[in-house]
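Listed below, chain by chain, are the residues.
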Amino acid sequence: MRKRMSLLGAAAVIAIALTGCSGANPGGDSGSSGGSGDGSGSNAPYEVASSVDLEGSPTYDAMKKRGNVIIGVKEDQPGLGYMDAATGKRTGFDVEIAKWIAASLGFGEDKIEFKAIPSANRESAIVNGDIDYYVGTYSITDKRKQQVDFAGPYFVTGQGLLVKKDNTDITSEKDLAGKKVCSATGSTPIQNIKENFPDTKTVEFDTYSQCVEALKDGQVDAVTTDAAILIGYAAQEPDALKVVGEPFTVEKYGVGLPKGDDALRKFINDLFTNGGDTWQAIYDETLGQSGTKVEQPKVEAY
Amino acid sequence: MSDTLYDVPGPRAKARNRVLGIITILVVAAILAFIIYRFAESGQFSAAKWQIFTFPLVWQNVGIATLATLGAFALAGLLSLVLGLILSVGRMSEHKWVSIPVTLFIELFRAIPVLILMMIMYYGLPPLGVDFVTPFVAVVTGLTLYNGSVLAEVFRSGVESLPTGQKEAAYAIGLRKSGVMALILYPQAIRAMMPVIISQLVVVLKDTALGFIVTFHELLYLAKFYGSQFTYDAPIIPTTLVFGTIYIILCLILSGVAKWVEVRSRRGPGSAISAEVARTRIVAADGSAA
Amino acid sequence: MDTLLNNLDLFVGGFKTTLFLFVVSAFFALIIGSVVGAMRVSPVPVMRAVGTVYVNLIRNTPLTLLMFFFAFGYPKLDLGNVSYPTLAIFGLSIYTATYVAEVVRSGFNTVPKGQAEAARAIGLPFSQTMSLVIMPQAFRAVIPPMMSVFIALLKNTTIAAGFSVAEAGAIRANLSERGEPALVVLLWVALFFVILVALLSLLQRYLENRWRVLR
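Residues numbered from 1 in each chain as written. Chains lettered and ligands numbered in written order. Predicted model: local features only at pLDDT ≥ 70, side-chain atom pairs only at ≥ 80, totals over all residues.

- For chain C, the name recorded in an unreviewed UniProt entry is Amino acid ABC transporter permease, with Cryobacterium tepidiphilum as its organism.
- Quoted verbatim from the Subcellular location (unreviewed entry) field of UniProt, the annotation for chain C is "Cell membrane". (UniProt positions renumbered as here; feature names shortened; annotations may be inferred.)

- Going by an unreviewed UniProt entry, chain A carries the name Glutamate ABC transporter substrate-binding protein and comes from Cryobacterium tepidiphilum.
- UniProt, in its Sequence similarities (unreviewed entry) section for chain A, records the words "Belongs to the bacterial solute-binding protein 3 family."

So this is what it looks like as structure tokens:
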């Protein structure tokens, strides 16, 4: 027994050491994947592919040459893309989708490097080649399609409102006149508010967490973005926050890819189309925990 | 010199100074007490707010971020010095076709905010097909262009404040222009300007903090990240205190070096110019970016 | 040119906010900085110590961190709601004040010793030595470096873009969603800064020539 304890201790030390290594990668990325406890081997609903049939994708060729895959994600959206700052463990629906794609391309969890990219910099990060692909509440829009390509959608939601629990003034988007609403800089929801609700004052931050903090501090009256994200926050602090109204837009989340990589786009689209069971399993494990039932959207290949 | 503004205080002045001193202490103490009271009242000293700093991974990341900050500082500082030297030579060139473009370059990059320079690098260039711009590159380039231009002016005013006899004597003993510059003028100018140069390097160090806006993962980026972790009670103020302390320590070390160099250079054999004279001209001149 | 004309509202609004931040922060920085600068040359040791600690502490902190503290930390202290531009002005003023203080202090130092000694020799007390002899001379010496501090302040206002203030530095983020090329937007912003800085530099030169002290 005693011996076993010390073995466990040694294992823990090694785990910490490994975490250190992955944390010290050259990009100085504070949030690399870390040595999270759950291996993708046994309990994950997908397996790392051993042979990958993907020709003519410059992105995939670059990954293979590099020997790992660099994925852009969010790390401040509980339930979707979240990283526990103290343990370095990443969780959420988007993170699992990202890992699923990586696995189908033959990259296990130890070959993934996650990079947190804020909303306003997503196009730049993809165009610059900082990341191979992006999975993080990334709405498919025609404007964005001018700079990047999208696979998917893999999830559909709509713009909602998060307010303080004791707020009774705001029950839907129609009550926003004269209020201060916060969202991420350059995101679709903030543009929507500016264009369709001109009487509303807007406040913009890089991340939704800062908006939620501002909401709790009383600096803003509401936080607006996709309902999926807001539910994630409300679920964390049900005594302080609530989501009001019905989603008043339709947002389709896609996987952001470098423009022109049609081979990789088709590959991921096929993965989504043929992997309905895996998608469901991932959903049930993450966002599904909130009790909301959602169907997988049909892929819109273009 | 400020001690010559007033006489050695007599008994009445001493008493008055003591009263003023006590008032100052009281006012400062009241302000500090109020801040600490507000901190305590809003729960900033609660264990939950500081819990995040008990994890080894957090401190490990703080270490990595400090290295990222120092790395950007070291490279940008070095490149700024090199660029500054080259630009100052060009600026003082006797050929108009060299000195005019260089002057324009210097004036241009001194006028554009560093943050805008970084944004041009990070957001502006990639759509044109430039693919080597990482946040690190953007930060280092922005800092180098700005601080290189500022340092060029520092070097120039150092050289120009030297007595003309230095230059004339150097030519008289048969040195060429390059020799006059490299052997006589620059060594003296650099020595005289050392404190200004180092305080400009402190600016470089502080300005690396701008990198967080172009997603460079340095200290401030990490501070923002940890500060908004609501699972750890959003410890904004604790993180500000911790990271602020780190910055202050880093900058004080650099400033300490500056002091040491100044004292040492004063002890050495007399320089041709009074460093004080040359420096007052550019005191705080451009040193006050972030 | 289209990028500018089609989005004139954002450019004008952005630079208006920039100038607003600049003017208000300059005003407060001048007041705080003069007080601190005076403290640093005062005969009271405690005042000198307080001034020195303030200057050294703030000067060695990045402005970005100060703004960070005000934008995110201050609202946590339950001291009433303050808008983000105001919080940015707090940060800018407190930071710039240290540079103003240093300029004021070195301004006193440029006045030759003999001036103060002569003033004291004819029996002027400290207050009159300062107000009649030192200050008028120091004021002139202070103009050029003070303008440099203000130029730096103007450029520093861009940092507020990172803290939810819709000023010139934030124009790019707003326009990226309108599909405008980032480079063109940023070059326009840079150009306007060059023009503003050039205007301030001209003013600096004019004042310098007007109040030049011939010694």
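### Details of the overall build of chain C
- On a plain count of helices and strands, chain C comes out with 9 helices and 0 strands.
- Each helix (α) and strand (β) of chain C, taken in turn from the N terminus, gives the series α-α-α-α-α-α-α-α-α.
- Within chain C, contacts between residues at least 6 apart in sequence are counted, and of these 76% link residues at least 24 apart. (Helix = DSSP H or I, 4+ residues; strand = E, 2+ residues; numbered from the N terminus. Contact = placed C-beta atoms within 7 Å.)

### Some points on the overall build of chain A
- Within chain A, the secondary structure is distributed over 10 helices and 13 strands.
- A total of 302 residues make up chain A; the buried ones form 52% of that total.
- At a minimum sequence separation of 6, the contacts of chain A that also span at least 24 residues come to 72%. (Buried ≥ 20, exposed ≤ 12 C-beta atoms within 10 Å, placed from the backbone.)

### Concerning the packing of helix 4 (residues 96-111) of chain B against helix 6 (residues 135-160) of chain B
All names here are of chain B.
- For the pair helix 4 and helix 6, the least separation of the axes is 8 Å and the interaxial angle reads 125 degrees. Here helix 6 runs oblique to helix 4, going by the angle between their axes. Of the two possible hands of crossing, helix 4 and helix 6 adopt the one that is left-handed. Here Ile106, Phe109 and Arg110 of helix 4 lie close against helix 6, whose contacting residues are Leu145, Tyr146, Ser149, Val150, Ala152 and Glu153.
- When the residues that make up the contact of helix 4 with helix 6 are grouped by side-chain class, the tally is 6 nonpolar, 1 polar and 2 charged. (Axes fitted to C-alpha atoms, helices over the stretch in contact; angles between N-to-C directions. Parallel < 35°, antiparallel > 145°, perpendicular 65-115°, else oblique. Left-handed = near helix turned anticlockwise from the far one by under 90°. Nonpolar A, V, L, I, M, F, W, Y, C, P; charged D, E, K, R; others polar.)

### With respect to the interface of chain A and chain C
- In this assembly, 15 residues from chain A lie in contact with 10 residues from chain C.
- Here the side of chain A that touches chain C is built from residues that sort into 4 nonpolar, 7 polar and 4 charged.

### What about the environment of Thr185 of chain A?
- Relative to the helices and strands, Thr185 of chain A resides in the loop between strand 9 (180-184) and helix 6 (188-196).
- A residue is classified by how many C-beta atoms lie within 10 Å of it, and Thr185 of chain A, with 23 of them, is buried.
- Considered as a pair, Thr185 of chain A and Lys201 of chain A are 16 residues apart in the sequence and their alpha carbons are 14 Å apart.
- When residues no more than four places from it in sequence are discounted, the contact partners of Thr185 of chain A are Ser119, Ala120, Glu204, Phe205 and Asp206 of chain A together with Ala173 of chain C.

### With respect to the packing of helix 1 (residues 11-41) of chain B against helix 3 (residues 45-59) of chain C
- Where helix 1 of chain B meets helix 3 of chain C, the axes come as close as 7 Å, and the angle between the chain directions of the two elements is 35 degrees. Seen from helix 1 of chain B, the contacting residues are Leu20, Gly21, Thr24, Ile25 and Val28 of chain B; seen from helix 3 of chain C, they are Pro45, Val46, Met47 and Val50 of chain C.
- Residues of the contact of helix 1 of chain B with helix 3 of chain C, tallied by class, amount to 7 nonpolar, 2 polar and no charged.

### Points about the nonpolar core
- Ile71 of chain A together with Met118 of chain B are the most contacted members of the largest nonpolar core, which has 232 residues in total.
- When near neighbours in sequence (up to four residues on either side) are disregarded, Met118 of chain B contacts Ala138, Val139, Gly142, Leu210 and Val214 of chain B. (Core = buried A, V, L, I, M, F, W, Y, C linked by C-beta atoms within 7 Å.)

### A few points about the pairing of strand 9 of chain A
Residues and elements named next belong to chain A.
- A large share of strand 9 lies buried, amounting to 4 of its 5 residues.
- By the bridge criterion, 5 bridges tie strand 9 to strand 10 (residues 201-205) in an arrangement that is parallel. Looking at the pairing, Cys182 lines up with Val203 of strand 10.
- What joins strand 9 to strand 10 is helix 6, and the crossover it makes is right-handed.
- Here strand 9 pairs with strand 11 (residues 222-226) via 2 bridges, running parallel. Residue pairing across strands places Val181 opposite Ala222, the latter belonging to strand 11. (Pairing = 2+ DSSP bridges. Right-handed = clockwise from strand over helix to strand, strands pointing away.)

### Brief notes about the UniProt feature "transmembrane region" (unreviewed entry) in chain C
Residues and elements named next belong to chain C.
- UniProt records the feature "transmembrane region" (unreviewed entry) for residues 20-41, 53-72, 84-101, 149-170 and 182-203 in the present numbering.
- Along residues 20-41 one finds 95% helix and 0% strand; the C-alpha atoms at either end are 32 Å apart.
- Secondary structure content for residues 149-170 is 36% helix and 0% strand, and the end C-alpha separation is 23 Å.

### A look at the sheet that holds strand 4 (residues 90-91) of chain A
All names here are of chain A.
- Taken together, the 3 strands give an open sheet; going across it, the order is 2-3-4, and neighbouring strands pair in antiparallel fashion. Sheet topology places strand 2 (76-77) and strand 4 at the edges, where each strand pairs with a single neighbour.
- Bridge count between strand 3 (residues 81-83) and strand 4: 2 bridges; the pairing is antiparallel. For Tyr82, the partnering residue across the bridge sits in strand 4 and is Thr91.

### Considering the domain arrangement of chain A
- Each assigned domain of chain A is listed with its residue range as follows: domain 1 (10-156 + 252-290) and domain 2 (159-244).
- Taken residue by residue, the interface counts 13 residues in domain 1 of chain A and 17 residues in domain 2 of chain A. (Domains from an automatic or database assignment.)

### Some words on the interface of chain B and chain C
- The interface is formed by 55 residues belonging to chain B together with 59 residues belonging to chain C.
- If you list the elements that add at least two residues to the side of chain B that touches chain C, you get helix 1, helix 4, helix 5 (114-124), helix 9 (219-227) and helix 10 (236-267) of chain B.
- Among the elements that line the side of chain B that touches chain C, the one with the most residues is helix 10 of chain B, at 10 residues.
- Classifying every residue of the side of chain B that touches chain C gives 37 nonpolar, 13 polar and 5 charged.

### Brief notes about the environment of Asn147 of chain B
Residue and element names in this part refer to chain B.
- Within the secondary structure, Asn147 is located in helix 6.
- Residue classification places Asn147 among the buried positions, given that 29 C-beta atoms sit within 10 Å.
- Leave out the neighbours within four places in its chain, and Asn147 touches Ala76, Ser80, Gln200, Val203 and Val204.

### A look at the confidence of the model for chain A
- In this model, chain A carries an average pLDDT of 79, and 84% of its residues clear a pLDDT of 70 or more.
- Across residues 1-42 of chain A the pLDDT falls below 50, and counting only partners more than four positions away or on other chains, this stretch makes 53 contacts in the model. (pLDDT = per-residue confidence, 0-100.)

### A look at unusual backbone geometry
- The linkage connecting Gly152 of chain A with the following residue, Pro153 of chain A, adopts the cis geometry, with an omega of 10 degrees.
- Residue position: Pro153 of chain A is located in strand 7 (residues 148-157).
- The phi dihedral of Thr137 of chain A falls on the positive side, at around 45 degrees, and the residue is not glycine.
- In this structure, Thr137 of chain A sits in the loop between strand 6 (133-134) and helix 5 (142-145).
- Its 28 C-beta neighbours within 10 Å are what place Thr137 of chain A among the buried residues.
- Residue Thr215 of chain B is not a glycine yet carries a positive backbone phi of 55 degrees.

### What to know about the sheet that holds strand 10 of chain A
Residues and elements named next belong to chain A.
- Ordered in space as 10-9-11-8-12, the 5 strands form an open sheet in which the pairing is mixed. Each edge of the open sheet is held by one strand with a lone partner, namely strand 10 and strand 12 (241-244). Averaged over neighbouring strand pairs, the angle between their axes works out to 35 degrees when direction is ignored.
- Relative to strand 11, strand 8 (residues 159-164) runs antiparallel, the two being bridged by 4 bridges.

### Points about the environment of Pro181 of chain C
- For Pro181 of chain C, the location among the structural elements is in the loop between helix 8 (171-176) and helix 9 (182-210).
- Residue contacts for Pro181 of chain C: discarding those within four places in its chain leaves Pro127 of chain B together with Thr3 of chain C.

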